[in-house]
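Architecture and fold: a report
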Amino acid sequence: GCTVKYTGYLEHWDEPFCTNCYSKSPGLMKLGKDITLGGLEIGLLTMKKGEVARFVFTPDYAYGRQGCPPLIPPNATVMFEVEVLDFLDSDESDTFFELTAEQQDTFPLQKVLKVAATEREFGNYLYRKRHFEGAKDRYKRAFSILGRSPSSEAEQCQIDASKLLVLLNLSLTYLKLERPAQALAYGEKALEIDQRNAKALFRCGQACLCMTEYEKARDFLVRAQHIQPFNHDINNELKKLA
């Protein structure tokens, strides 16, 4: 998927027939689903994040012989100005989730970890856009495929490292969704992997504070403070309990 700013013009026209440049934060669009103009699909595949381009499409790569009345006349040549703001490649991830659980189990661990990382990236993108429900669903999808049994200690370390990132994301996202019980549950799962993780302790402390479980909140936050004594966020939360 990609986030793009685009403006489309008819040949010899100064006014655009379509644009999303007035939107403060354009959404993520999927090639072939949200972006279906043939020339635009091909053009975007040649671009990278941050790039700006101008494409001129003949009718075969645009709206064809029929056009798209009333805006686009028949056999129209069109010009698009495009800027790629963000780009996330989800093809491999989408293909993976279309497989059965048995088929997924045959994938090598490195591919599974890559799919989980892609899902987490999508979650981060949605989180930054403040789409917390969507972010939570992406993080959960990533977590759902990290339950396989490792064949070595090295594999276990890789799985745990991937799980830890997703669990911390889930804990934070549930705090944003004002569901502190779930935030605490995922924070505690993170602590099972790394009991000295200051972020996990901090999230658990915040969750307990939201649930007015002040003694538990203090315990988590003091443990976090021991690990990161100069962390302003941790110290500010502790001040609330003073």
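Sequence order sets the numbering: in each chain, residues are counted from 1 along the sequence as written. Thresholds applied to this predicted model are a pLDDT of at least 70 for local features of residues and 80 or more for the giving and counting of side-chain atom pairs; totals over whole chains, interfaces and linings are not thresholded and use all residues. By convention in this description, side-chain values take in all heavy atoms of the structure and omit both hydrogens and water.

A look at the side chain of S93
Our working rule: For the purposes of this entry, the term helix denotes a DSSP run of H or I that reaches at least four residues, the term strand denotes a run of E that reaches at least two, and both are numbered from the N terminus. Pairs of N or O atoms are called polar contacts if they sit within 3.5 Å, as long as, within protein, a hydrogen donor faces a hydrogen acceptor (for residues adjacent in sequence, only side-chain-to-side-chain pairs). What makes two residues a contact is simply this: any of their non-hydrogen atoms within 4.5 Å.
You can see S93 is positioned in helix α2 (residues 91-97). Only 2.5 Å separates the side chain of S93 from the side chain of E119, close enough to count as a polar contact. In this structure S93 touches V115, T118, E119 and R141, once residues within four positions along its chain are discounted.

Some thoughts on the sheet that holds strand β1 (residues 2-10)
The test is simple: Criterion used throughout: strands pair if DSSP finds at least two bridges between them.
Reading across the sheet, the 4 strands line up as β2-β1-β4-β3 and stay open at both edges, with antiparallel pairing between neighbours. Two strands bound the open sheet, and with one partner strand each, they are β2 (18-19) and β3 (52-57). Sheet topology note: the β1/strand β4 (residues 78-87) ladder contains 9 bridges and is antiparallel. What sits directly across from C2, in β4, is F87.

Concerning the packing of helix α7 (residues 180-193) against helix α8 (residues 198-210)
Using the following cut-off: Lines fitted to the C-alpha atoms define the axes, with helices restricted to the stretch that makes contact. Angles between their N-to-C directions range from 0 to 180 degrees. An angle counts as roughly parallel when it lies under 35 degrees, as roughly antiparallel when it exceeds 145, as roughly perpendicular when it falls between 65 and 115, and as oblique in every other case. Put simply, a crossing is left-handed when the front helix is turned counterclockwise from the back one by less than a right angle, and right-handed when it is turned clockwise. Only Asp, Glu, Lys and Arg are considered charged, only Ala, Val, Leu, Ile, Met, Phe, Trp, Tyr, Cys and Pro nonpolar, and every remaining residue, Gly among them, polar.
Where α7 meets α8, the axes come as close as 8 Å, and the angle between the chain directions of the two elements is 155°. With respect to α8, the element α7 is oriented roughly antiparallel. Every pair of crossing elements has a handedness; the one defined by α7 and α8 is left-handed. Here P180, A183, L184, G187, E188, A190 and L191 of α7 lie close against α8, whose contacting residues are A200, L201, C204, A207, C208 and C210. Of the residues contributing to the contact of α7 with α8, the split by class is 11 nonpolar, 1 polar and 1 charged.

By themselves these figures say nothing about function.
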